[in-house]
Amino acid sequence: MTRTIHFTKMHGAGNDYIYVNTMKEHVGNPEAAAIQWSAPHTGIGSDGLVLIGKSPVPEADFSMRIFNADGSEAMMCGNASRCIGKYLYEKGMTNATEIRLLTLSGVKVLKLHVDEDNKVESVTVDMLEPALENKAQLAVEPDGNHEIEIKVEGGVFKGTFVSMGNPHFVTFVNDVEGMDIAKWGVLMEHHPAFPERCNIEFAQLTGEGVLRTRVWERGSGITMACGTGACATAVAAAVTGRNGRQATIVMDGGTLEIAWSEDDNHVYMSGPAAFAFEGDIALPEEDNRE
């Protein structure tokens, strides 16, 4: 007999995922489910699958696991974490407006901004400290301006590596709207400089403190937004002298506000989260076997 589970589709600035409450539902093969359900024509259509669970450690209230559309497991997603905050609060799973969320890149603190109708209007996430070097994620040495040069077939890109737990390469270009993101993104994602593959951000300073950014996400391809990518873009702009420590990041699906604190060196990301729809879907064949 085919078993189904209940899901909720949500998005943060257009970065859309399928959310499943694993305190009620069991997904035995999330890798296969992410691939099957993320398909745009034969599945639900999404950038991936997010599993919400109980935290196994006392330092956090809930846990998050995230699987990209290709089935690979991601360490963290800023947009997904904001959606989880809204999900937990508006579905009555917590009445706290500060939630500690366990991810593969550490415990993230979510601060919910609730309106007079008791709806979560936006969420601020403490994304912790960025890292400009990580030998597991970057196989080359940056120069004195925190930049590296990546050569791919037909192109050369200078940019900044930033780890927000997951790896990012931010390259500043003159015409971000005209960039062939699909062509260059996949080549750079798989470049030997990045042993764990890499998320790629193409950014352009378009006004005072405003950065227009387009994203190629590792394991998902072009996405409408990326929370960790927005943080990485803001950090890269600051360390290379292009901008200060506060930035408005304008992505294809919406705008995120990023503040890199001088007090604790943490990056704080603020932005919206929204419900799209809910439903029930069949589990992959592997999960339906007796």
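Everything that follows concerns the structure shown earlier in this document.
Below: a short report on this structure. Given the structure is predicted, the values throughout are model-derived calculations rather than measurements.

**A word on the pattern of salt bridges**
Next up, step 1: Taken as a whole, this structure holds twelve salt bridges when the rule is applied.
Next up, step 2: Notably, a salt bridge pairs Glu141 with Lys135, separated by 3.4 Å at the nearest N-O pair. An identical accessibility class is assigned to Glu141 and Lys135; each is exposed.
Next up, step 3: Among the ionic contacts, a cluster of salt bridges with common partners joins Glu177, Arg212, Arg214 and Asp252.

**Re the nonpolar core**
Next up, step 1: Ranked by size, the top nonpolar core spans 53 residues in total, and within it Tyr19 and Ile258 carry the most contacts.
Next up, step 2: Looking at which element gives the most residues to this core, the answer is helix α4 (residues 227-239), with nine residues.
Next up, step 3: Beyond its immediate chain neighbours, meaning those up to four positions away, Ile258 contacts Ala230, Cys231, Ala234, Arg245, Gln246, Ala247, Ile249, Val267, Tyr268 and Met269.
Next up, step 4: Counting 19 residues, the second largest nonpolar core, distinct from the first, contains Phe169, Val176, Trp184 and Phe194.

**Some thoughts on the state of the cysteines**
Next up, step 1: A complete count under the given rule lists zero disulfides for this structure.
Next up, step 2: Between Cys198, a cysteine without a disulfide, and Cys226, which holds the nearest cysteine sulfur, the sulfur-to-sulfur distance is 10 Å.
Next up, step 3: Since its relative accessible area comes to 0%, Cys198 is described here as buried.

**Some words on helix α2 (residues 78-90)**
Next up, step 1: The terminal C-alpha atoms of α2 lie 19 Å apart, and with 13 residues this matches the ideal 18 Å at 1.5 Å per residue to within 8%.
Next up, step 2: Judged by how many residues are buried, α2 sits mostly within the fold: twelve of 13 residues are covered.
Next up, step 3: Listing the buried residues of α2 in full gives Gly78, Asn79, Ala80, Ser81, Arg82, Cys83, Ile84, Gly85, Lys86, Tyr87, Leu88 and Tyr89.
Next up, step 4: Immediately beyond the C-terminal end of α2, within one or two residues, lies Gly92, with a positive phi of roughly 75°.

**Topic: the pairing of strand β13 (residues 210-217)**
Next up, step 1: The element β13 is extensively covered by neighbouring structure, given that seven of its eight residues are classed as buried.
Next up, step 2: The antiparallel pairing of strand β12 (residues 199-207) with β13 creates a hairpin that spans two residues between the two strands, and Gly209 there sits at a positive phi of about 75°.
Next up, step 3: Direction of pairing for β13 relative to strand β15 (residues 246-251): parallel, over a ladder of three bridges. In the sheet register, Val210 faces β15, and the bridge partner there is Thr248.
Next up, step 4: Of the pairings in the sheet, the one linking β13 to strand β14 (residues 221-223) comprises three bridges and is antiparallel in character. In the strand pairing of β14, Glu217 is matched with Gly221.
Next up, step 5: Hairpin connection from β13 to β14: three residues lie between these consecutive antiparallel strands, with Gly219 at a positive phi of about 85°.

The rules behind these values
Along each chain, numbering runs from 1 in the same order as the chain's sequence is written. At least 70 in pLDDT is required for a residue's local features to be given in this predicted model, at least 80 for side-chain atom pairs to be given and counted, and no such filter applies to totals for whole chains, interfaces and linings, which use all residues. In computing side-chain values, all of the structure's heavy atoms are included and hydrogens and water are not. Each salt bridge in this description consists of a side-chain nitrogen of Lys or Arg and a carboxyl oxygen of Asp or Glu lying within 4 Å of one another. A 1.4 Å probe rolled over the protein chains alone gives each residue an accessible area, and that area as a share of the maximum for its type sets the label: buried under 20%, exposed over 50%, partly exposed in between. By nonpolar core is meant a set of buried Ala, Val, Leu, Ile, Met, Phe, Trp, Tyr and Cys residues that side-chain atoms within 4.5 Å join together. Every helix listed is a DSSP run of H or I at least four residues long, and every strand listed is a run of E at least two residues long, numbered separately from the N terminus. By the convention used here, residues are in contact when the closest approach between their heavy atoms is within 4.5 Å. Two cysteine sulfurs form a disulfide in these notes if their separation is within 2.5 Å. Expected span of a helix: the number of residues minus one, times 1.5 Å. Pairing between strands is defined by DSSP: at least two bridges between the two strands are required.

All we've got here are geometric facts, nothing functional implied.
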